Structure formats: C-alpha cells, structure tokens
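# Coordinate analysis (summary)
The residues making up each chain are set out below.
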Amino acid sequence: MMNPNNNSEFNAIREGVQALCAEFDAAYWRKVDEEKGFPEAFVKALTDAGWLAAMIPTEYGGSGLGLAEASIILEEVNRCGGNSGTVHGQMYNMFTLLRHGSEEQKSFYLPKIAAGELRLQSMAVTEPTTGTDTTKIKTTAVKQGDKYVINGQKVWISRVQHSDLMILLARTTALAEVKRKSEGMSIFLVDLREAIGNGLTVQPIANMVNHETNELFFDNLELPASSLIGEEGKGFKYILDGLNAERTLIAAECIGDGRWFIEKASQYAREREVFGRPIGQNQGVQFPIAEAHIEVEAADLMRWRACEEYDSGINAGASANMAKYLAAKASWEAANACMQTHGGFGFACEYDIERKFRETRLYQVAPISTNLILSYVSEHLLDLPRSF
Ligand SMILES: Cc1cc2nc3c(=O)[nH]c(=O)nc-3n(C[C@H](O)[C@H](O)[C@H](O)COP(=O)(O)OP(=O)(O)OC[C@H]3O[C@@H](n4cnc5c(N)ncnc54)[C@H](O)[C@@H]3O)c2cc1C
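To start, this report covers the structure provided alongside it. (Residues numbered from 1 in each chain as written. Predicted model: local features only at pLDDT ≥ 70, side-chain atom pairs only at ≥ 80, totals over all residues. Heavy atoms only, no water.)

## A few points about empty space enclosed by the protein
In plain terms, the rule: Using a grid of 1 Å spacing that covers the protein atoms alone, one calls a set of points a cavity when a 1.4 Å probe fits there but cannot get out, and a pocket when the set is open and has protein on both sides within 12 Å along at least five of seven lines; lining residues are those with an atom within 4 Å of a point. Grid points are joined across faces, edges and corners, and a volume is the space filled by probe spheres set on the points. Strands here are runs of E lasting at least two residues and helices are runs of H or I lasting at least four, both read from the DSSP assignment and numbered beginning at the N terminus. Gly is placed with the polar residues, together with every amino acid not listed as nonpolar (Ala, Val, Leu, Ile, Met, Phe, Trp, Tyr, Cys and Pro) or charged (Asp, Glu, Lys and Arg). Domain extents, as shown, originate in an automatic or database domain assignment.
Applying the stated criterion across every chain, the model contains three cavities of 30 Å³ or more. Quantified by volume, the largest cavity comes out at close to 60 Å³. Forming the walls of the largest cavity are Tyr-92, Asn-93, Thr-96, Met-123, Ile-239, Gly-242, Leu-243 and Glu-246. Only α5 (88–100) and α8 (235–271) provide two or more residues apiece to the lining of the largest cavity. A class-by-class count of the residues in the lining of the largest cavity yields four nonpolar, three polar and one charged. Each of domain 1 (4–114) and domain 3 (237–380) contributes no fewer than three residues to the lining of the largest cavity.

Next up, the structure:
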C-alpha cells in the first residue's frame, strides 16, 4: 500500500468527511448526549453524502471502495469529536448481505441501502445467558412451511429503533444434533418495520454511553423463508467472516478518538498556566501525552496492515484482531492522559472529554473483549493450548 498518510485519494476522503463533520460541532454532540438522543441529522447527512455506501459495489449504487477508505470515514468522524458508533453498523452488516446473500436479496436491498431508503444498522448475536460463548445461543428458528418461527432473547442489540433491517443469528439445528458446535446456526435478514409488535419486543437498556442498545424478545416471530441469508446451518461461519472488517473499522475509530484526545491534551497543556508556566512544560504532564501518541501511531500501522490484507483478499484475522487490541488500548490511554491533563476541567461536560472518555472505553469490551483477542492470539498465532 502507498504511504497511507501521503495518499491523495485518502486525503480527499478525510477532507470530505471533515467538511461534513464541521456542520456537527461539539455543541451538537454534547446536546445529543445530554438528551440521550439519536444524532438523526448527522446520520442523514452522512447517508445523503454517500459515505455510508462507501463499500457497496457500484453496480448496486455504492462507491465500491475498500476497507481502507471506509476506515478513514469512521476514523475522521471520531477525530472530529463525533461518535461513529451511531452509524458503523451499516458498514459491516452490509458485508453479510453482500458476501452471502442471493442475487435477488442483493439487488433488492443494496441499492435501497446505498440510496439511504433503508438502513441496515443492526445485528443481533449476543444473548444474556451465553455472552461471548456464541455457539451456545438459545434463540431458535424453526422452519414451518414457507416461514421460520423465531423464539428466544438477545441483549445489547444496538440501533434497532433507527434501523429498518437487522441481521439475526439463530439456531436452526439443536446443539446436541450437530457434529461441531459451530454448525446448525443460520442468519436471517429481519425487516424490523414488520417484526416489532408482531412477535418482536424491544426493551431499551439505559447505559453509560449514549449508545442506543436494547434487549430483544422473540415470541413466535414469523419470518418468510426468503429472509434466510445463504445456506441454513452456516450462519456462524458467515458472521465470523464479517468480523475482521468490523474489528479493523473499530480500530480506526479508536485511532480517531486517540488523536482527538491527544490534540485536546496537547493544546490544553500548552495554554494552561499554573505555577507561572504552562503545565505542558512539566515532563510529568508531557510524558503521558507523548506515550499515548506513540501508541496510537503504532496501532495505526497495524490498522493499515489489516486494511491492506483485507482489501487484497488475504486472511486478515491476525492483523485485524491485533489492530483492534492495540487501538482500543491506545485510545483508552490517550483518554486517561487527556483527562489527567485537564485536571478538574476534564470532568466538566462542556469540555467533551468525559463524553469521549465514556465512548472510547466501550471498545475494550465490544464488539469483542480484549481477553478474547488475547485468547485468539495465544491459540491461533502462538499455538498455545485452546482454553475453551
Ligand atoms: C454498548 C454495547 C453495544 C453492543 N452492541 C451489540 C450489538 O449491536 N449486537 C450484538 O450482538 N452485541 C452487542 N454488544 C454485546 C458485546 O458484543 C458483548 O458485550 C461482548 O461481546 C462481551 O460479551 P458479554 O457482555 O456477554 O461478556 P461475557 O461473555 O459475559 O464476558 C464477561 C467478561 O469475562 C471475560 N471472559 C469471558 N470468557 C472468558 C475466557 N474464556 N477467558 C478470559 N476472559 C473471559 C470477557 O473478556 C469479559 O471481560 C454490545 C455491547 C455493548 C456494551
């Protein structure tokens, strides 16, 4: 890959996203956060400008760009002080449809998603009793004639109230009846506009971040058989397929956060005077910021490696996981350095640091927790014994 920091196409994307984000300043995001609202105007503007259709192939009305370009879009949103957690679902949920959907499904849905007529922002995998142990999910999809009947429960399912479509993972064959625990799960494209109130109940979860997320209860929800994506029983494989892209995109968001924190911290350290000199003159203040900068830049190198592998069709599993690990850790360290540099003012909402601090903390847990990445590296890269 050309030096990504000296690439005119990439720079043009950065500038385009920055120009859009300039219309949604810190006061906008602060108000949305205070009201626990949804940044509808921002999401609409990003959609209308075509940024959320970046990875949809041109024949379906998108821009046909790669993961590298998509990652810049989300990075810049966070670097400008926004929260791409409000929109990132569409970038990676679309992969499942694109890679495994039938031609009929793709030609029906993708142009509508690209045009902003439909949103595919939600994916329902996590369940309250199984957590990270996904193959034990208990939500079932039972085929009855030309439909599937869904029963079960999901938790932490984001953006359901602002999405038209949702990818759902459910068991179509009982765990006891499959040879491998990863078999027997299937994915469905749920039309939320029809499902909510007709077998699907949505219960919002109040949480630390202004992240719209929910518990879902399925009680004999009927889906047309045509909503199955790909082959029955192969859903877990399909979901895993999209995760490398998801992890790389989240890494880019964390890099955007990290750079935002470092810029804020450096600026404040230059300007704030205590004991008759700028606080940034003290190495005790400089060093944590410098350390965070080094770590964000190192994480960025791994992010570009992941993008390059993914976009050239090479298995990006190792680099995507490591990029997500490094970037989430670096952005959290940058958040701490920024908070500490601001002293008491870091806690004042009008500085936006406490909001971004909460937002970036999420990425050590979701969409995959740090421990699970360490477990992946131990088992798959270092050939250590499997622990679960
Ligand atoms: C705001 C938010 C939004 C989310 N959005 C979505 C969404 O849209 N769709 C969706 O499907 N899910 C979503 N999630 C769920 C998220 O992916 C899970 O929370 C995450 O994968 C961890 O699962 P868990 O919470 O069940 O933790 P658990 O699996 O219960 O794990 C708890 C802790 O134990 C650790 N742990 C567990 N097992 C091991 C082990 N074997 N070795 C070492 N450590 C271990 C984990 O690392 C973790 O730190 C969201 C979560 C949040 C908080």
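## Quick look at the pairing of strand β2 (residues 140–144)
Note the cut-off: Note: two strands are recorded as paired if DSSP finds a minimum of 2 bridges between them.
Relative to strand β3 (residues 147–158), β2 runs antiparallel, the two being bridged by five bridges. Counterpart to Val-142 in the pairing with β3 is Val-149. Between the end of β2 and the start of β3, which pair antiparallel, lie two residues, with Gly-145 showing a positive phi angle near 65 degrees.

## Side note on unusual backbone geometry
Selection criterion: Burial status follows relative accessibility: with a 1.4 Å probe on protein chains alone, a residue under 20% of its type maximum counts as buried, one over 50% as exposed, and anything between as partly exposed.
Cis geometry is adopted by the peptide bond preceding Pro-367, which originates at Ala-366 and carries an omega value of -5 degrees. With respect to the helices and strands, Pro-367 occurs in the loop between α11 (353–361) and α12 (370–381). In this structure, Trp-156 takes a positive phi of about 65 degrees despite not being glycine. Mapped onto the fold, Trp-156 is located in strand β3. For Trp-156, a relative accessible area of 47% gives the class partly exposed.

## Considerations on the nonpolar core
Let me state the cut-off plainly: Here, nonpolar core means buried Ala, Val, Leu, Ile, Met, Phe, Trp, Tyr and Cys residues that are tied together by side-chain atoms lying within 4.5 Å of each other.
Membership of the largest hydrophobic core comes to 58 residues, with the highest contact counts inside it found for Phe-42, Ile-56, Leu-97, Leu-110, Ile-113 and Leu-189. Examining the composition of this core, we find that seven residues originate from one element, helix α4 (residues 67–79), more than from any other. Within the second largest apolar cluster, 27 residues are counted, among which are Cys-254, Ala-265, Tyr-268 and Ile-353.

## Details of the site of the ligand
Stated precisely, the cut-off is as follows: A cutoff of 4 Å decides nearness: a residue is near a molecule or strand if any of its heavy atoms lies inside that distance of it. Polar contact is defined as a pair of N or O atoms within 3.5 Å, subject to the rule that within protein one atom must be able to donate a hydrogen and the other to accept it, and that residues adjacent in sequence are counted only when both atoms are side-chain atoms. Only the protein chains shown count as cover for residues, with accessible areas throughout obtained via the Shrake-Rupley method and a probe of 1.4 Å.
Surveying the vicinity of the ligand reveals 18 residues, the closest of which are Thr-126, Thr-132, Trp-156, Ser-158 and Ser-369. At a separation of 2.8 Å, a nitrogen atom of the ligand approaches a polar side-chain atom of Ser-158. Contact between the ligand and Pro-367: an oxygen atom at 3.4 Å from a main-chain N or O atom of the residue. Calculation on the ligand without its partners gives an accessible area of 970 Å², and the protein chains cover 65% of this total.

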